[in-house]
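A structural walkthrough
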Amino acid sequence: MLNPFTTLKTKTWERLLSESCLDAEVLAQFIDIDSDMVSPVIEKYPMRINPYFLSLIQKKGDPIWKQCVPDIRELEDHEALTADPLFEEPQSPTPGLIHRYPDRVVFMVSNQCAVYCRHCMRKRRVGEKYGISADTIERGIAYIQSDPAIRDVILSGGDPLLLADDKIEELLTRIDKIPHVDMIRIHTRVPCTLPQRITNDLVSVLKQVAPVYVNIQFNHPNEITFQSSQACDMLADAGIPLGSQTVLLKGVNDDPGVMMRLMRCLLKIRVRPYYLHHGDPVKGTGHFRTTIKKGLEIMHHLRGRLSGMGVPYYMIDLPKGGGKVPLLPEYLVKSDLRDLKVRNFEGKIFDYPGAG
Ligand SMILES: *Cc1c(COP(=O)(O)O)cnc(C)c1O
């Protein structure tokens, strides 16, 4: 294996991004892949692996590998899987803006990512050639301005933090000026997949408007490195609350011990586990899907054994735009809701006195 990483430290994030592996021939110089199995996948679902994320791969088929190296199973057709199961497009009043809940919108302001995750829920749009147009941004902002019920604007994509600092600054200040908007969330993987992007200049931009919350997708303890910890430190030191939105992925983190380690690592770097997402039934991601039973088993394992600060909500996102719903392991043993019998995290049964 060649080692392209010796100069990782001295390179800017733009440089790292520009040195990403985009095709099988280049990737094969670094890791042991079968190009014939990778190339056909890339034709349908593009690949991008930047040198930093590539450097986290320790061995073939490990959890970092699975998230970024194309897998021939992405091309399998499953009846239950569709390109847009959550009906994001039908729920978009303007291009790139999803309005599902009354008080908040998702605004997709970038179509670039530092790594093209193989499990992406927006796989249908990955690698679109054209950027997000100025018109899309204008229409999105006008829509937010026009609906006083919108209090929370979630910037997503793609990855909003792959925009240039001045673009991010302009967006944030314009949205911040809308009187009915109380908060802005930034949904990003950059602190995990290209932590070099979190620069002092970027942090100053994010600090200017308040409150900005940053939610990061971390999926495996191997992603918590010196660099990603430092990136999170810089954000947290600037007073930006950090959350994580982990995706439950078969072969990556569908294991109570791995999930426990991940949540513990996140707490140490001041990232509060927020959601554990069950994988959406998105076409091309079937090989990552695991059972709800497994998800519940993991949640049952976490609660009680891990600081409550580190226990996320386990969410399924309902098809056809029904929204997110939390699932809980069954703790209620007897359920006439008067005198309860409740199962605790060890499986022991306790009586809980009802009132009246
Ligand atoms: C997930 C999601 C949100 C945010 O949901 P929260 O539960 O507030 O984090 C908002 N809009 C859409 C369309 C979503 O998918």
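Residues numbered from 1 in each chain as written. Predicted model: local features only at pLDDT ≥ 70, side-chain atom pairs only at ≥ 80, totals over all residues. Heavy atoms only, no water.

**Side note on the sheet that holds strand β3 (residues 152-156)**
Taken in spatial order, the nine strands line up as β1-β2-β3-β4-β5-β6-β7-β8-β9 in an open sheet, and their pairing is mixed. Lying at the two open borders of the sheet, with one neighbouring strand each, are β1 (97-101) and β9 (323-327). In this sheet, adjacent strand axes meet at a mean angle of 25° when their direction is disregarded. Bridge count for β3 against strand β4 (residues 183-188) is four bridges, and the pairing is parallel. Across the sheet, Asp-152 pairs through a bridge with Met-183, a residue of β4. (Pairing = 2+ DSSP bridges. Helix = DSSP H or I, 4+ residues; strand = E, 2+ residues; numbered from the N terminus. Axes fitted to C-alpha atoms, helices over the stretch in contact; angles between N-to-C directions.)

**Here's the deal with the pattern of salt bridges**
Applying the stated criterion to the full structure yields 27 salt bridges. Between Asp-317 and Arg-100 there is a salt bridge, and its shortest N-O distance comes to 3.7 Å. Taken as a pair, Asp-317 in strand β8 (residues 313-318) and Arg-100 in strand β1 lie far apart in primary sequence, 217 residues in all. On the basis of relative accessibility, which here comes to 13%, the residue Asp-317 falls in the buried class. What emerges from the salt-bridge pattern is a single network uniting Asp-84, Glu-88, Glu-89, Arg-122 and Arg-124. (Salt bridge = Lys/Arg side-chain N within 4 Å of Asp/Glu carboxyl O. Buried < 20%, exposed > 50% of the residue type's maximum accessible area, 1.4 Å probe, protein only.)

**Thoughts on the packing of aromatic side chains**
Enumeration according to the criterion identifies one aromatic pair in this entry. On the numbers, 3.9 Å between centres and 20° between planes, the contact of Tyr-274 with Tyr-275 is stacked. For Tyr-274, a relative accessible area of 27% translates into the label partly exposed. Lying across the ring of Tyr-45, Lys-123 places its NZ or CZ 4.5 Å from the centre. (Phe/Tyr/Trp six-rings, centres within 6.5 Å; stacked < 30°, edge-to-face > 60°. Lys NZ or Arg CZ within 6 Å of the ring centre and 35° of its normal.)

**Topic: the site of the ligand**
Ile-98, Arg-100, Tyr-101, Arg-104, Val-106, Ile-154, Arg-185, Tyr-274, Tyr-275 and Lys-324 make up every residue found near the ligand. At a separation of 2.7 Å, an oxygen atom of the ligand approaches a polar side-chain atom of Arg-104. A distance of 2.9 Å separates an oxygen atom of the ligand from a polar side-chain atom of Lys-324. Protein contact buries 90% of the 390 Å² of open area that the ligand shows by itself. Only β1, β2 (104-108) and β7 (271-278) provide two or more residues apiece to the shell around the ligand. Across the shell around the ligand, the residue classes break down as six nonpolar, no polar and four charged. (Near = heavy atom within 4 Å. Polar contact = N/O pair within 3.5 Å; in protein donor to acceptor, adjacent residues only side chain to side chain. Areas by Shrake-Rupley, 256 points an atom, 1.4 Å probe, with all protein chains shown as cover. Nonpolar A, V, L, I, M, F, W, Y, C, P; charged D, E, K, R; others polar.)

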